[in-house]
Amino acid sequence: MKLPFFHKKEEESVLYPNENIAEHIAIIMDGNGRWAKKRGMPRIAGHKEGVSTVVNIVKTAVNCKVKILTLYTFSTENWKRPKTEIEFILRLPKEFLSIYLPDLIANNVRIEIVGDIEKLPVHTREAIEYAMERTRNNDGLLLNFALNYGSRDEILNAMKEMFLDITKGEFSLDELDEQKFSNYLYTAGMKEPDLLIRTGGEIRLSNFLLWQLAYTEFWFTDVLWPDFSEKDFLQALKEYGNRKRRYGGL
Ligand code: FPP
């Protein structure tokens with residue numbers, strides 16, 4: 001039985017696409033600060049509102065049977081922001097999970113994290129690790145939080161670990177291929193994103209999944225993350241469904 005979080009009222013019923021669904025969707029959730037500024041509110045109000053959008057989009061992804069949703073929540077570059085804003089953002093995973101973990105479990109969602117978790121505050125890490133443990137046997141949507149994530153940092157760490165394994169003789173340089181290298185990334189074992197969505201009007205990748213996005217379809221919108229709706233998400237899915245992916249072939 002579904003819990004109220006995922007329950008839809010009759011009058012809200014929406015047609016969810018059932019073919020050519022992007023299996024892995026990665027999102028750069030941009031525009032929280034501007035959303036708040038437009039309303040004369042502090043930036044953190046935008047991040048708070050951004051959590052409601054996360055709830056909506058997770059719900060829609062579950063309903064559309066998306067397999068993986070990777071959300072760029074805090075980057076390795078975000079440490080340059082004011083301390084109060086950093087602390088606020090890094091408290092959000094715990095707040096979100098303290099409210100929604102039972103609903104996520106009831107809907108077969110598995111929680112994972114990509115990024116260097118060692119440098120996160122203990123409360124953030126513990127909340128996510130607890131949720132990972134509680135959901136590890138779920139095989140519905142994989143909800144992946146990118147936290148203290150930076151693609152260059154990820155690639156460098158992967159190279160260091162791989163180099164150690166090569167010097168230990170676990171395999172030779174000749175045996176190294178793309179698949180082997182991918183296994184050293186935080187996303188090891190995950191299908192690469194089919195669709196990248198970036199909200200907030202900027203047309204850049206901001207150090208997100210640089211290796212993994214090699215053949216991903218991109219979809220950009222000016223809509224600020226707190227305003228990003230189920231309708232916008234379904235529009236992105238629909239446009240993705242109409243694209244022809246050729247992976248360099250014909
Ligand atoms: C970028 O917008 C947004 C972030 C760095 C934080 C993203 C966090 C959330 C959306 C909430 C996460 C939710 C959960 C459940 C953990 P920005 O601040 O750079 O916006 P701006 O470009 O308008 O300044």
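Residues numbered from 1 in each chain as written. Predicted model: local features only at pLDDT ≥ 70, side-chain atom pairs only at ≥ 80, totals over all residues. Heavy atoms only, no water.

**A closer look at the pairing of strand 2 (residues 68-75)**
Most of strand 2 is tucked away: 7 of the 8 residues are buried. Relative to strand 2, strand 1 (residues 24-28) runs parallel, the two being bridged by 5 bridges. Looking at strand 2, one finds that Ala 26 is bridged to Thr 70. With 7 bridges joining them, strand 2 and strand 4 (residues 142-149) adopt parallel strand pairing. Looking across to strand 4, one finds that Leu 69 is bridged to Leu 143. (Buried < 20%, exposed > 50% of the residue type's maximum accessible area, 1.4 Å probe, protein only. Helix = DSSP H or I, 4+ residues; strand = E, 2+ residues; numbered from the N terminus. Pairing = 2+ DSSP bridges.)

**Here we look at the site of the ligand**
Near the ligand you find 17 residues, and of these Asp 30, Arg 34, Arg 43, His 47 and Arg 81 are the closest. Between the ligand and Gly 33 there is a distance of 3.1 Å, counted from an oxygen atom to a backbone nitrogen or oxygen. Contact between the ligand and Arg 43: an oxygen atom at 2.8 Å from a side-chain N or O atom of the residue. Protein chains bury 92% of the 630 Å² of accessible surface belonging to the ligand in isolation. In this structure, the ligand is accommodated by the largest pocket. Secondary-structure elements contributing two or more residues to the shell around the ligand are helix 1 (32-38), helix 2 (43-63) and helix 3 (83-106). Here the shell around the ligand takes 4 residues from helix 2, the largest share from any one element. (Near = heavy atom within 4 Å. Polar contact = N/O pair within 3.5 Å; in protein donor to acceptor, adjacent residues only side chain to side chain. Areas by Shrake-Rupley, 256 points an atom, 1.4 Å probe, with all protein chains shown as cover. 1 Å grid on protein atoms, 1.4 Å probe; cavity = no way out; pocket = protein on both sides within 12 Å on 5 of 7 lines; lining within 4 Å. Sits in = over half its atoms within 2 Å of the grid points.)

**What about the packing of helix 2 against helix 7 (residues 230-242)?**
Interhelical geometry of helix 2 versus helix 7 gives an angle of 45 degrees and a closest axis separation of 9 Å. One finds that helix 2 runs oblique with respect to helix 7. The chirality of how helix 2 crosses helix 7 is right-handed. The segment helix 2 lies against helix 7, with Ile 57, Thr 60 and Ala 61 engaging Glu 230, Phe 233 and Leu 234. Its residues placed into classes, the contact of helix 2 with helix 7 shows 4 nonpolar, 1 polar and 1 charged. (Axes fitted to C-alpha atoms, helices over the stretch in contact; angles between N-to-C directions. Parallel < 35°, antiparallel > 145°, perpendicular 65-115°, else oblique. Left-handed = near helix turned anticlockwise from the far one by under 90°. Contact = heavy atoms within 4.5 Å. Nonpolar A, V, L, I, M, F, W, Y, C, P; charged D, E, K, R; others polar.)

**Details of the UniProt feature "active site" (unreviewed entry) in the protein**
Mapped onto this structure's residue numbering, the UniProt feature "active site" (unreviewed entry) falls at Asp 30 and Asn 78. A maximum C-alpha distance of 12.3 Å is found for the annotated residues, which run over 49 residues; spatially they form one tight group. Of the residues named above, Asp 30 and Asn 78 line the largest pocket. Structurally, the position occupied by Asp 30 is in the loop between strand 1 and helix 1. Given the relative accessible area of 19%, Asp 30 is considered buried. Residues contacting Asp 30, with those up to four places away along its chain left out, are Arg 198, Thr 199, Gly 200, Glu 202, Val 223, Leu 224 and Trp 225. (UniProt positions renumbered as here; feature names shortened; annotations may be inferred.)

**Let's talk about the sheet that holds strand 4**
One open sheet holds the 6 strands; their spatial order is 3-4-2-1-5-6, and the pairing between them is parallel. Here the strands that pair on one side only, and so sit at the sheet edges, are strand 3 (110-114) and strand 6 (217-220). Along the sheet, successive strands turn relative to each other by an average axial angle of 20 degrees, direction set aside. Most of the contacts of helix 2 go to strand 2, to which it runs at about 160 degrees, and overall it touches strand 1, strand 2 and strand 4.

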